[in-house]
Amino acid sequence: MAPKNHISGSSGPSANIENAGVDPRENFKGAAFMVVSQAAFVFNDALMKLASADLSLFQTIFLRGLFTTLFLGLIAWRTKALFHSVSIADRKVLAFRIFGEVGATLCYLTALFNMPIANSTAILQALPLAVTLGAALFLGETVGWRRYSAIAVGFIGVLIIVRPGAEGFNAYSFWALAAVVFIVMRDLATKKVSNAVPSIYVALLTSIFLTLTAGVLLPTSGWQPVQAISLGYLTGAGCFVMVGYLSVIIAMRRGETAFVSPFRYTILLWAILLGIVVFGDIPDFWTIVGSIILVITGVYTFYRENKLKKRAEAQGGQDTKSPQNDDDAEQTIWPEKIKDLEKAEELINR
């Protein structure tokens, strides 16, 4: 594993890297970086939504991608991760991951451009539950009935939020749900990327292909004149999305997953705040109720995973504790008998 303050590592921007025995101060630093990353992602979304008033979907993605690729490329060059040899197995996983990222971006921004930012962000809060379910179905990870119950309750929360036909929601709500599916694909693929591939390289590669995809699709929507204010929005969006990528990597490297991950839900607070201040969108009662349900079930899922992890580590520690010699083995198997024999020997000696 790379040093905690280094941005290269085994996985991509949304990677979860478990750190055993993390200092509590590192956990709090990781939580702080997670809060920063979620704020950066929401500010990116807000700026993209503002730019969409004058520019098409593919144009905004393409122009932002140029800035993001430039920023990430400079960081990769400085950290000597710009050119990297990738195995055939990693190439397949990265291709699948990039496909998920491209699909997630196109679907989510389609939803974001056509519905309130707080509503689209609220739907994405089903992601931790969806990733847990996907890991059980496709990666063979064990999921007990408690976590399946949490997933079911979380799905109810999603239905409460989406409510097709309700004010503020429309068919574009399902684009946000489709984005969740693509993000699950991306995150599950990220778990399969080997330790040899730096995180910054994965982020750069993803940004390049996303930008190229938007460039190829540009002719379908046409090129609109780019005003200075729109260019400023997209430059800012590129900066914020880069900060989000790097902050979430640092967060997951510094802190334990179960401690840091629930702080992802702070994105809801930022989305609601920006929705009110910038766009004048106030979430209704049922949106807030559904969001609370998702947050509670998501936090429970992280809690449950952390509890099972600690239990497995404890059992593993006991299993790996092997006797050093025959006497130790005898004491491990018959501790009470050994004590009785020692007492008898002591009485005889007396």
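Refer to the structure printed above.
Treat the numbers as computed from the prediction; the structure is a model and nothing was measured.

A. Broad picture of the pattern of salt bridges. In total, this model carries three salt bridges according to the counting rule given. Between Glu-26 and Lys-29 there is a salt bridge; the shortest N-O distance is 3.6 Å. Of this pair, Glu-26 and Lys-29 both sit in helix H1 (residues 24-51), three residues apart, which is roughly one turn of that helix. Taking the relative accessible area as the measure of exposure, Glu-26 reaches 15% and is therefore buried. One salt-bridge network, held together by shared partners, links Arg-97, Glu-101 and Arg-186.

B. How the structure looks around the packing of helix H5 (residues 127-138) against helix H7 (residues 173-192). Put simply, H5 and H7 touch, their axes get as near as 9 Å, and they point 55° apart. Regarding the angle of H5 to H7, the classification is oblique. The interaxial crossing formed by H5 with H7 has right-handed handedness. Residues Leu-127, Ala-130, Val-131, Gly-134, Ala-135 and Phe-138 of H5 touch H7, and the partners they reach there are Val-180, Ile-183, Val-184, Asp-187, Leu-188 and Lys-191. Taken together, the residues of the contact of H5 with H7 sort by class into nine nonpolar, one polar and two charged.

C. Just the environment of Leu-231, in detail. For Leu-231, the location among the structural elements is in helix H9 (residues 228-254). The spacing of Leu-231 and Ala-51 is 180 residues in sequence and 8.0 Å in space, taken between C-alpha atoms. Those residues in contact with Leu-231 that sit more than four places away from it in its chain are Phe-67 and Val-226.

D. Representation of the environment of Leu-234 in the model. Topologically, Leu-234 is positioned in helix H9. Along the backbone, Leu-234 and Phe-62 are 172 residues apart, and their C-alpha atoms lie at a distance of 9.7 Å. Excluding its chain neighbours within four sequence positions, the residues that come into contact with Leu-234 are Met-48, Ala-51, Leu-55, Thr-60, Leu-63, Arg-64 and Phe-67.

E. Layout of the packing of helix H3 (residues 88-112) against helix H8 (residues 199-217). Look at H3 against H8: their axes get within 10 Å of each other, and the N-to-C directions meet at 55°. On the basis of the axis angle, H3 is oblique to H8. Of the two elements, H3 crosses H8, and the hand of that crossing is right-handed. Listed contacts from H8 to Leu-94, Arg-97, Ile-98, Glu-101, Val-102, Thr-105 and Leu-106 of H3 are Val-202, Leu-205, Thr-206, Phe-209, Leu-210, Thr-213 and Leu-217. Among the residues making up the contact of H3 with H8, the classes are represented as nine nonpolar, three polar and two charged.

F. Structural context of empty space enclosed by the protein. One pass over the structure, following the stated rule, counts two cavities of 30 Å³ or more. In this structure, the largest cavity occupies an estimated 70 Å³ of space. Put simply, the parts of the chain that give the lining of the largest cavity at least two residues each are helix H2 (57-78), H8 and H9. Here the residues of the lining of the largest cavity sort into four nonpolar, four polar and one charged.

G. Region of the structure containing the nonpolar core. In terms of nonpolar packing, the biggest core is built from 59 residues, with Met-48, Ile-61, Leu-72, Leu-109 and Ile-200 touching the most fellow members. Looking at this core element by element, the count peaks at 10 residues for H3.

H. Highlighting the side chain of Thr-206. Mapping Thr-206 onto the fold places it in helix H8. Of note is the side chain of Thr-206, whose polar atom sits 3.0 Å from the side chain of Arg-97. With near-sequence residues (within four places) excluded, Thr-206 lies in contact with Arg-97, Ile-98 and Glu-101.

I. Expanded view of the environment of Leu-273. By secondary structure assignment, the location of Leu-273 is in helix H11 (residues 266-277). For Leu-273, a relative accessible area of 46% translates into the label partly exposed. On a C-alpha basis, the gap between Leu-273 and Ile-117 in space is 9.8 Å, while along the polypeptide they are 156 residues apart.

J. The packing of aromatic side chains, seen in detail. Enumeration according to the criterion identifies four aromatic pairs in this entry. Relative to Phe-182, the ring of Phe-99 lies with its centre 5.8 Å away and its plane at 70°, an arrangement referred to as edge-to-face. Highlighted residues: Phe-99 in helix H3 and Phe-182 in helix H7, separated in sequence by 83 residues. A network of ring pairs unites the aromatic residues Phe-43, Phe-240 and Trp-270 as a single cluster.

How each quantity is defined
Residues numbered from 1 in each chain as written. Predicted model: local features only at pLDDT ≥ 70, side-chain atom pairs only at ≥ 80, totals over all residues. Heavy atoms only, no water. Salt bridge = Lys/Arg side-chain N within 4 Å of Asp/Glu carboxyl O. Helix = DSSP H or I, 4+ residues; strand = E, 2+ residues; numbered from the N terminus. Buried < 20%, exposed > 50% of the residue type's maximum accessible area, 1.4 Å probe, protein only. Axes fitted to C-alpha atoms, helices over the stretch in contact; angles between N-to-C directions. Parallel < 35°, antiparallel > 145°, perpendicular 65-115°, else oblique. Left-handed = near helix turned anticlockwise from the far one by under 90°. Contact = heavy atoms within 4.5 Å. Nonpolar A, V, L, I, M, F, W, Y, C, P; charged D, E, K, R; others polar. 1 Å grid on protein atoms, 1.4 Å probe; cavity = no way out; pocket = protein on both sides within 12 Å on 5 of 7 lines; lining within 4 Å. Points joined across faces, edges and corners; volume = space filled by probe spheres on them. Core = buried A, V, L, I, M, F, W, Y, C linked by side-chain atoms within 4.5 Å. Polar contact = N/O pair within 3.5 Å; in protein donor to acceptor, adjacent residues only side chain to side chain. Phe/Tyr/Trp six-rings, centres within 6.5 Å; stacked < 30°, edge-to-face > 60°.

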